[in-house]
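Per-entry structural report
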Amino acid sequence: MAAVATSDVKIGARGAELENKVRAGLAKIGFHGTSEQLVKFYNENAEDYNEMGALANYQKLGCHAFIAALSELVPNKEARILDVAAGTGFAGKELRRFGYSNVDALEPAEKMVDLAKSENIYGNYIIDTVTPDEKTDIEDETYDALCIMGAVLKGHITLECLPELMRITKKGGVIIFNVAEKYFDSDHGDPQFQNGNHVTVFQKYVENGDWLKWDELEAPYRYSENCTIFRIILA
């Protein structure tokens, strides 16, 4: 997939208002609060987050490029896919638009899940959090592919969660996630992405025989932001 230039879509006054509110809320708990604090925040701001995403053209820009990158590696439209940190379902809607029919959601914030349920986006809804320290209730090698759209950052999902994500993905399956440009050199990003440290982490998985390969693509994220999409194929 060719790199796409930054979009010139404008978020508008209402979108800017919502974005400032959401960012201020996350900053207040430091982007790295406890899981309970973050879930409480997302529950309290689910409707604002959903409206902000729509105004920022999140589905048509970031989600479209993201699912297009997935589709290159997962052509089977009946593949079992888990949308991790699914939020209110932007990526799930785009998965459906691409023709994928067997998509589940994992999301810890019940208010966000309720919004996704109201649009009947997913087959199953798993209310849980992915952490480095505890397994989810999902069985080993359940999914053909995992999607993590916009959730790889400090306090949310970090590279330390990779073993759990790999556990629930089938052998030869795909894990795809993106990281917004602003988080590569930010205190809010996963520190392992600073100074290119993630490359060393990824190459160790290849050398150890856990992954067949990985690659990265530049893509739009939302209105005036770009991101890097990472695609992993398990051994």
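Described below are features of the structure shown in this document. None of these values were measured; they are calculated from a predicted model. (Residues numbered from 1 in each chain as written. Predicted model: local features only at pLDDT ≥ 70, side-chain atom pairs only at ≥ 80, totals over all residues. Heavy atoms only, no water.)

We now examine unusual backbone geometry. With phi around 55 degrees, Asn120 is a residue other than glycine that occupies positive phi space. Assignment of secondary structure puts Asn120 in the loop between helix H6 (110-118) and strand E3 (125-126). For Glu141, which is not glycine, the phi dihedral falls at a positive 50 degrees. Here Glu141 is to be found in the loop between E3 and strand E4 (143-148). (Helix = DSSP H or I, 4+ residues; strand = E, 2+ residues; numbered from the N terminus.)

Glancing now at the environment of Val113. Locating Val113 in the fold gives a position in helix H6. With 12 residues separating them in the primary sequence, Val113 and Tyr125 have C-alpha atoms 7.3 Å apart. Ignoring anything within four residues of it in the chain, the contact list for Val113 reads Gly87, Glu107, Tyr125 and Ile127. (Contact = heavy atoms within 4.5 Å.)

Okay, the pattern of salt bridges next. Scanning the model with the defined rule gives nine salt bridges in all. When the shortest N-O distance is used, the salt bridge between Arg80 and Asp104 registers 3.4 Å. Here Arg80 is found in the loop between helix H4 (59-73) and strand E1 (81-84), whereas its partner Asp104 is found in strand E2 (residues 103-106), with 24 residues between them in sequence. Its relative accessible area of 29% is what places Arg80 among the partly exposed residues. With its nearest N and O atoms 3.3 Å apart, the salt bridge here joins Lys170 to Asp144. Taken together, the residues Lys170 in strand E5 (residues 169-180) and Asp144 in strand E4 connect sequence positions 26 residues apart. Exposure remark for Asp144: the relative accessible area of 26% places this residue in the partly exposed category. What emerges from the salt-bridge pattern is a single network uniting Glu72, Asp215 and Arg231. (Salt bridge = Lys/Arg side-chain N within 4 Å of Asp/Glu carboxyl O. Buried < 20%, exposed > 50% of the residue type's maximum accessible area, 1.4 Å probe, protein only.)

Along H6, the residues classified as buried are Met112, Val113 and Ala116. Mapping the buried residues of H6 onto a view down its axis gives an arc of 100 degrees, with all of them on the same face. Just beyond H6, the residue with positive phi is Asn120, at close to 55 degrees. (Arc of directions from axis to C-beta.)

The next subject is the sheet that holds strand E6 (residues 211-222). Strand order in the open sheet formed by seven strands is E3-E2-E1-E4-E5-E7-E6, and the pairing between neighbours is mixed. The open sheet has two edge strands, E3 and E6, and neither has a second partner. Both E4 and E5 contribute to a ladder of five bridges, which runs parallel. Its bridge partner being in E5, Ala145 is matched across the sheet by Val174. The sheet strands contacting helix H5 (residues 90-97) are E1, E2 and E4, and the helix crosses E1 at an angle near 155 degrees. Sheet strands touched by helix H8 (residues 197-207): E5, E6 and strand E7 (225-234). Its angle to E6, the strand with the most contacts, is close to 145 degrees. (Pairing = 2+ DSSP bridges. Axes fitted to C-alpha atoms, helices over the stretch in contact; angles between N-to-C directions.)

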